[in-house]
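A structural walkthrough
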Amino acid sequence: MKYVPDATADRKFEDDNTVDRVGVDGLLSELDEYAVEQALQFREKREGEEIEVTALCVGPEKAVDAVRKALQMGADKGVHVVDDAIAGSDSIATSLVLAKAIEKVGPADLVVCGMASTDGGMSVVPAMLAERLGLPQVTLASVVESQGDQVRVKRDNEGSTEVIGATLPLVLSVTDQSGEARYPSFKGIMAAKKKPLETYSLSDLGVDAGEVGLSVAWSQVEDTTARPPRTAGEIVTDEDGSGATALVEFLASKKFI
Amino acid sequence: MSEVLVVIDHADGAVKKPTLELLTIARRLGEPSAVFFGSPDKADAVAEKVKAYGAEKVYVVDDAEIKGYLVAPKAEALQQLAEQAQPAAILLPSSFENKEVAARLAIKIGSGLITDAVDVQEGPVTTQSVFAGNYTVQAKVTQGTPIITVKPNAAAPEEAAGAGAVEAFSATVSDAAKTAQVVATQPRESTGRPELTEAAIVVSGGRGTGGDFAPVEGFADSLGAAVGASRAAVDSGWMPHAFQVGQTGKTVSPQLYVANGISGAIQHRAGMQTSKVIVAVNKDEEAPIFELVDFGVVGDLHSVLPAATEQIAARKG
Ligand SMILES: Cc1cc2nc3c(=O)[nH]c(=O)nc-3n(C[C@H](O)[C@H](O)[C@@H](O)COP(=O)(O)OP(=O)(O)OC[C@H]3O[C@@H](n4cnc5c(N)ncnc54)[C@H](O)[C@@H]3O)c2cc1C
Ligand SMILES: Cc1cc2nc3c(=O)[nH]c(=O)nc-3n(C[C@H](O)[C@H](O)[C@H](O)COP(=O)(O)OP(=O)(O)OC[C@H]3O[C@@H](n4cnc5c(N)ncnc54)[C@H](O)[C@@H]3O)c2cc1C
């Protein structure tokens, strides 16, 4: 799960064109709450089996808040990978660090991700993890079902609805259609304080600092420009059908009719 | 001049418009070679289409064996093709599937990846619109063969004669790539309206429709537009998820976007803010959507839209 700047706040870039992750309030990417939810449901549906849900986040110091949130929701254990050298990493390096962390904590039977982060929003990390870990990828699930080591998901594709099947272990990503994420209960919040939370640096994972970070990113942002504020448009109030007439006039003036 | 691989987006051999846009963009970077994953008996028709937009070569990868699996086989095939063709860049239309193909390919061939470009110029230098359209950034791939996924409407398709030489490419797909299987597919019923992500005009409805989409659909049809919806409308079951516009739905960038009974939450804006002209009908003059509009009507959509639809019909005679 990713720690991201709050989308409703004033998100900004630093002078080196990286995202300002300190000056803007951050939080657990909302789309990752659905991933946590699915992991918890997976555990709950398999009562009696020994299943441990680990919440994993790669991000700056403050990103530990995202891990805490997942622990409060019900995850058993937290892992936070933090290292100054990771700052400014592209998706390639991020997926490398995540894969190494999963290998260290794991082996995992199921790696659940959100469908996208709410900042970078590339939707590529789950596929990259599957590639790096050599696991099947089952992505963008709106309904998840499992029986034994078989997982079946339903998902919306461009022009169709599909059912995808694969065998554990696998990498799964879930959409915001997959089921409302639970809120942490008071009990959950109290219990989270006692749960194990480990912090790893790159050297703990055996990743060379020269493989990650801004200076070696395989793609580089060269320039960022804030969108100029839109010039205020014309707003009319509808009275006795005047709104429709004005609307049609406007569309005609722009040659849409 | 080096080849630029362009992955064709098509529905059973019918090439989609974003592919033609991509071929146009590819000509800025080198010699476009189109890559067709599909049935070889459709190859000639596909080649006919793409050569009119400058494709010098058309690689045909028979998908008989790979179409029942997710993403990984396509990434393997592209890796093998890239090794043979040594392209200057690899371009794919931005869809969730293509982004995942691109992701795996990037790792396989050791290349940087940029997704959701809204423009690509010589270099290649890409333009992306990020943070719900509040920032525009320029970026470059600095390692390997640039892999770039490009959003629809990033360029106007320009015709240019290419040789369109069809070349079969037989890819070897490993068993490891066939671990996630498509068990069933159910095609969605066509609405007869334009495809949401490709449409020049999109007319959307939100919670303010109260569940009655008829005024929205009628107005859309008078303009030949696609119909979209907010998540609130989708969550209420008024429209299928495929129609959702926004962060977790479709991103649209049409010439004209009309939001009806939609408040303008940041997640909705993320999917439509780059539209050229934005219009809203909302009965609350304080609705945040009005901050974005070129033209807004404060009023009830149930009276404004039907009246406007009638007037448009009258004008068209
Ligand atoms: C505006 C912006 C544009 C960017 N553009 C590019 C680009 O074009 N190319 C490029 O290579 N990089 C780019 N990056 C960097 C890239 O986003 C980050 O490297 C990265 O952490 C991957 O996140 P994502 O947003 O792409 O993840 P997505 O692929 O959208 O995320 C999917 C899921 O992966 C998991 N995940 C993602 N990141 C983490 C993490 N750090 N810790 C734990 N789980 C995680 C989460 O479950 C998430 O829901 C960009 C970043 C930003 C903010
Ligand atoms: C992780 C996440 C992802 C999300 N992804 C998306 C997404 O992809 N797309 C999306 O749209 N939302 C998304 N949302 C939801 C988003 O935050 C808003 O809740 C949603 O967009 C609200 O939809 P709405 O504007 O239709 O409804 P509301 O916010 O309830 O607005 C309804 C509007 O209709 C107006 N109205 C009411 N009656 C009438 C009438 N008779 N005539 C005219 N106007 C009327 C009201 O004044 C109001 O402005 C996401 C949220 C989260 C947390």
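About the cut-offs
- Residue positions are given per chain, counting from 1 as you read along its sequence in written order.
- Going through the entries in the order they are written, you letter the chains from A and number the ligands from 1.
- Totals for whole chains, interfaces and linings use every residue, but because this is a predicted model, local features are given only for residues with pLDDT of at least 70 and side-chain atom pairs only at 80 or more, for both listing and counting.
- Side-chain descriptors were evaluated using all non-hydrogen atoms of the structure, hydrogens and water having been removed beforehand.
- For helices the rule is a DSSP run of H or I covering at least 4 residues; for strands it is a run of E covering at least 2, with both sets numbered from the N terminus onward.
- The globule rule used here is 2.2 Å times the number of residues to the 0.38 power, and the radius of gyration it is set against is calculated over C-alpha atoms.
- Accessible area is worked out with a 1.4 Å probe on protein chains only. A residue is then buried under 20% of its type maximum, exposed over 50%, and partly exposed in between.
- Between two residues, a contact is recorded if the distance between any of their heavy atoms is within 4.5 Å.
- The Shrake-Rupley method, run with a 1.4 Å probe, gives the accessible areas here. Residue values count only the displayed protein chains as cover.
- Here the positive residues are Lys and Arg and the negative ones are Asp and Glu; neither His nor the chain ends is included.
- To locate a charge, take atom NZ for lysine, CZ for arginine, CG for aspartate or CD for glutamate.
- Directions pointing from the helix axis toward each C-beta atom define the arc.
- pLDDT gives the predictor's per-residue confidence on a scale running from 0 to 100.
- A quick way to say it: buried area is the sum, across both parts, of accessible area lost when two parts are put together, with a 1.4 Å probe.
- Salt bridges, as used here, are contacts in which a Lys or Arg side-chain nitrogen is within 4 Å of a carboxyl oxygen on Asp or Glu.
- For this analysis, a polar contact is any N or O atom pair within 3.5 Å, provided that within protein one partner can donate a hydrogen and the other can accept it, and provided that sequence-adjacent residues contribute only side-chain to side-chain pairs.
- Charged residues are taken to be Asp, Glu, Lys and Arg, nonpolar residues to be Ala, Val, Leu, Ile, Met, Phe, Trp, Tyr, Cys and Pro, and polar residues to be all remaining types, Gly included.
- What makes two strands pair is DSSP finding at least two bridges between them.
- Working convention: axes come from line fits to C-alpha atoms, limited for helices to the stretch in contact. Angles between N-to-C directions cover 0 to 180 degrees.
- Throughout this description, the term nonpolar core refers to a set of buried Ala, Val, Leu, Ile, Met, Phe, Trp, Tyr and Cys residues connected via side-chain atoms within 4.5 Å.
- Note on definitions. A residue lies near a molecule or strand when any single heavy atom of the residue is within 4 Å of it.

Describing the overall build of chain B
A count of helical and extended segments in chain B gives 8 helices and 17 strands. Taken against the 2.2 N^0.38 rule, which gives 20 Å for 317 residues, the C-alpha radius of gyration of chain B at 21 Å falls within 12% of a compact globule. Each of the 317 residues in chain B was classed as buried or not, and the buried ones make up 58%. Intrachain contacts of chain B at a sequence separation of at least 6 include 66% that bridge at least 24 residues. Accessible area for chain B stands at about 11,900 Å²; split by element, carbon and sulfur atoms hold 45% of it. Here chain B holds 26 positive side-chain charges and 37 negative ones, and the gap between their average locations is 2 Å.

Some points on helix α5 (residues 214–223) of chain B
Note on helix geometry: an α-helix contains 3.6 residues per turn, so any two residues three or four positions apart are oriented the same way. All names here are of chain B. Here α5 has its buried residues at Pro-215, Val-216, Phe-219, Ala-220, Ser-222 and Leu-223. With its buried residues spanning 160° around the axis, α5 presents them on a single face. Looking one or two residues beyond α5, the residue adopting positive phi is Gly-224, at roughly 65°.

Some words on the confidence of the model for chain B
Should pLDDT be low for a region, the predicted coordinates there are not to be read in detail. On average, residues of chain B score 95 in pLDDT, and 100% of them reach the 70 mark or higher. Our summary of model confidence lists the complex with pTM equal to 0.95 and ipTM equal to 0.94.

Concerning the interface of chain B and chain A
At the interface, 81 residues of chain B touch 75 residues of chain A. Carbon and sulfur atoms make up 58% of the area that chain B and chain A hide from each other, which totals about 6,800 Å². When the buried surface of chain B facing chain A is broken down by residue, B:Ile107, B:Phe131 and B:Phe295 rank first, second and third, together holding 11% of it. Put simply, chain B and chain A have 5 salt bridges between them. Notably, a salt bridge pairs A:Glu131 with B:Lys108, separated by 3.0 Å at the nearest N-O pair. Here chain B and chain A share 32 residue pairs in polar contact (both at pLDDT 80 or more) between them. Here the side of chain B that touches chain A is built from residues that sort into 39 nonpolar, 27 polar and 15 charged. Where strand β9 (residues 160–167) of chain A lies against strand β12 (residues 181–187) of chain B, 6 bridges are found, and the strand directions are antiparallel. Note that in β12(B) the partner of A:Glu162 across the bridge is B:Thr185.

Some thoughts on the sheet that holds strand β4 (residues 31–38) of chain B
Overall, mixed pairing links the 10 strands, which are arranged β12(A)-β9(B)-β8(B)-β7(B)-β10(B)-β6(B)-β1(B)-β4(B)-β5(B)-β11(B) in an open sheet. Two strands in the sheet have a free side with no partner beyond their single neighbour: β12 (219–226) of chain A together with β11 (165–168) of chain B. Direction aside, the axes of adjacent strands within the sheet are offset by 35° on average. Inspection of the sheet shows β4(B) paired to strand β5 (residues 57–62) of chain B by 6 bridges, in the parallel sense. Pairing of B:Phe36 across the sheet is with B:Val60, part of β5(B).

Structural notes on the nonpolar core
Residues and elements named next belong to chain A. Core analysis: the largest hydrophobic core is formed by 40 residues, its most contacted members being Met-1, Val-138, Val-153, Leu-172 and Val-174. Among the elements of the structure, α1 (30–45), β3 (54–58), α2 (64–73), β6 (137–141), β8 (150–156), β9 and β10 (170–174) are those that each provide at least two residues to this core. By residue number, the principal contributor to this core is α1, which donates 7 residues. With sequence-adjacent residues up to four places away left out, Val-153 is seen in contact with Val-138, Ala-141, Val-143, Val-144, Glu-162, Val-163, Ile-164 and Leu-172.

Things to note about the site of ligand 2
Surrounding ligand 2, one finds 28 residues, the nearest of these being B:Arg207, B:Ser230, B:Gln244, B:Ser263 and B:Gln267. Proximal residues around ligand 2 fall on chains A and B, making this an inter-chain site. Between ligand 2 and B:Gln244 there is a distance of 2.8 Å, counted from an oxygen atom to a side-chain nitrogen or oxygen. A distance of 3.0 Å is found between an oxygen atom of ligand 2 and a backbone nitrogen or oxygen belonging to B:Gly261. Its free accessible area being 990 Å², ligand 2 has 82% of it covered by the protein chains. Of all the secondary structure elements, the ones that give two or more residues to the shell around ligand 2 are α1 of chain A together with α6 (231–235), α7 (266–269) and α8 (301–316) of chain B.

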